[in-house]
Amino acid sequence: MTIENLSINKSYGGWHKQYSHHSKVLNCDMRFAIYLPPQASNGTKVPVLYWLSGLTCTDQNFMQKAGALRIAAELGIAIVAPDTSPRGAGVADDDGYDLGQGAGFYVNATQAPWNRHYQMLDYVVNELPQLIESTFPVSDKRSIAGHSMGGHGALTIAMQHPDRYRSMSAFSPISNPINCPWGKKAFSAYLGKDQASWQHHDASVLMHQAKQFVPARVDQGLADDFLTEQLKPQTLEAAAKANGYPLELHLHQGYDHSYYFIANFIEQHLRFHARYLTK
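Bear in mind that the values here come from a model prediction, so they are computed numbers and not experimental data.

### Some points on the environment of Phe187
Stage number 1. Position of Phe187 relative to the elements: it lies in helix 5 (residues 181-191).
Stage number 2. Judged by its relative accessible area of 0%, Phe187 falls in the buried class.
Stage number 3. Discounting residues that sit within four places of it in the chain, Phe187 has contacts with Phe105, Val107, His152, Pro177, Ile178, Gly192, Trp198 and His201.

In structure tokens form, the structure reads like this:
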């Protein structure tokens, strides 16, 4: 697969790079960012943390705002951040910020017109890692993390594919999308009216039903404007307790939904993943 380098920046002895490539799965051109720590420069294959961003974001938000690269350089972990949806003139879209371009929800759409491009689940799980592992000095040791819509994606993808990920974490995830406005709107459009199919993409449902466990950490700010209506961490906590799922849930007074919150606790998330990626 041909990829094009769009930018390169040295950071903490490693390299942040942005690329574009044509995705066969998504039927459009896509961008992703990768941070390669200094350990990757000597031929060592390093493990990878895949980061999934939230509504309206791109591959750039996390890399520029989270303050993660210093710790990734110390720990010897690469970070890959894909875009949040297919994009382009021929890609279906919506006037709202919470559907269409910038709002892929990390599912495989089954409904027209979305199903022509919106196959984000297959892209994140299969196509992108194949590209990363065949192009860069990284191993097949993978963990996954995300924020908000991306937190939903990280948790559901890891629980759907527990053999592919060593750990998972999320900031302010949409924990019970089948019962919140964001999830109902997106799932109705992408997956159709059969709500039984929605449950395969709900972190609370999956955590309650899981037979194979992926170690999990979730951080949630208690001053988050979306906490009650959209995020519902209490449903995730209840599911974990009911099933004995290894979930570390950390609640933080005064913190909101922004990258100011993420920047405060991203070091703890990276060190959490390092326990499983560097064994």
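This is not the end of the story, as more comes after the structure.
### Observations regarding the sheet that holds strand 6 (residues 138-147)
Adjacent strands of a sheet pair through backbone hydrogen bonds, lying either parallel or antiparallel.
Stage number 1. Judged by pairing direction, the sheet is mixed, and its nine strands sit side by side in the order 1-2-3-5-4-6-7-8-9 without closing on themselves. The outermost strands of the open sheet, each flanked by one partner alone, are strand 1 (3-11) and strand 9 (247-252). Strand-to-strand twist in this sheet, taken as the mean axis angle between neighbours without regard to direction, amounts to 20 degrees.
Stage number 2. In the sheet, strand 3 (residues 28-36) pairs with strand 5 (residues 78-82) via four bridges, with the strands oriented antiparallel. Note on strand 5: the bridge partner recorded for Tyr35 is Ile79.

### Observations concerning the side chain of His21
Stage number 1. Inspection of the secondary structure puts His21 in strand 2 (residues 14-23).
Stage number 2. Within polar-contact distance, the side chain of His21 engages the side chain of Tyr123 at 2.9 Å.
Stage number 3. The residues touching His21, leaving out its near neighbours within four places in the chain, are Met1, Thr2, Ile3, Cys28, Asp29, Met30, Phe32, Tyr123 and Leu131.

### A short note on the packing of aromatic side chains
Any two aromatic rings considered together are summarised by their centre-to-centre distance and by the angle between their planes.
Stage number 1. Within this structure, the stated rule accounts for 17 aromatic pairs.
Stage number 2. Pairing Phe261 with Phe265 gives two aromatic rings, centres 5.6 Å apart and planes at 65 degrees, and the pair type is edge-to-face. Taken together, the residues Phe261 and Phe265, both in helix 10 (residues 259-277) and four residues apart, mark about one turn of the helix. The pair formed by Phe261 and Phe265 is uniform in burial state, with each residue classed as buried.
Stage number 3. Between Phe272 and Tyr276, the ring centres sit 5.4 Å apart and the planes meet at 65 degrees, which makes this aromatic pair edge-to-face. Here Phe272 pairs with Tyr276, and both are found in helix 10, just four residues apart, close to one helical turn.
Stage number 4. Looking at Tyr276, the relative accessible area reads 18%, which means it is buried.

### Points about unusual backbone geometry
Stage number 1. In this structure, Pro113 follows Ala112 across a cis peptide bond, with omega equal to 0 degrees.
Stage number 2. The topology assignment puts Pro113 in the loop between strand 5 and helix 3 (120-135).
Stage number 3. The phi dihedral of Asn27 falls on the positive side, at around 60 degrees, and the residue is not glycine.
Stage number 4. You can see Asn27 is positioned in the loop between strand 2 and strand 3.
Stage number 5. Its relative accessible area of 33% is what places Asn27 among the partly exposed residues.
Stage number 6. Phi at Tyr106 is positive, roughly 60 degrees, even though this residue is not glycine.
Stage number 7. Residue position: Tyr106 is located in the loop between strand 5 and helix 3.
Stage number 8. Taking the relative accessible area as the measure of exposure, Tyr106 reaches 1% and is therefore buried.

The rules behind the values
- Residues numbered from 1 in each chain as written.
- Predicted model: local features only at pLDDT ≥ 70, side-chain atom pairs only at ≥ 80, totals over all residues.
- Heavy atoms only, no water.
- Helix = DSSP H or I, 4+ residues; strand = E, 2+ residues; numbered from the N terminus.
- Buried < 20%, exposed > 50% of the residue type's maximum accessible area, 1.4 Å probe, protein only.
- Contact = heavy atoms within 4.5 Å.
- Pairing = 2+ DSSP bridges.
- Axes fitted to C-alpha atoms, helices over the stretch in contact; angles between N-to-C directions.
- Polar contact = N/O pair within 3.5 Å; in protein donor to acceptor, adjacent residues only side chain to side chain.
- Phe/Tyr/Trp six-rings, centres within 6.5 Å; stacked < 30°, edge-to-face > 60°.

Purely geometric stuff here, so don't read any function into it on its own.
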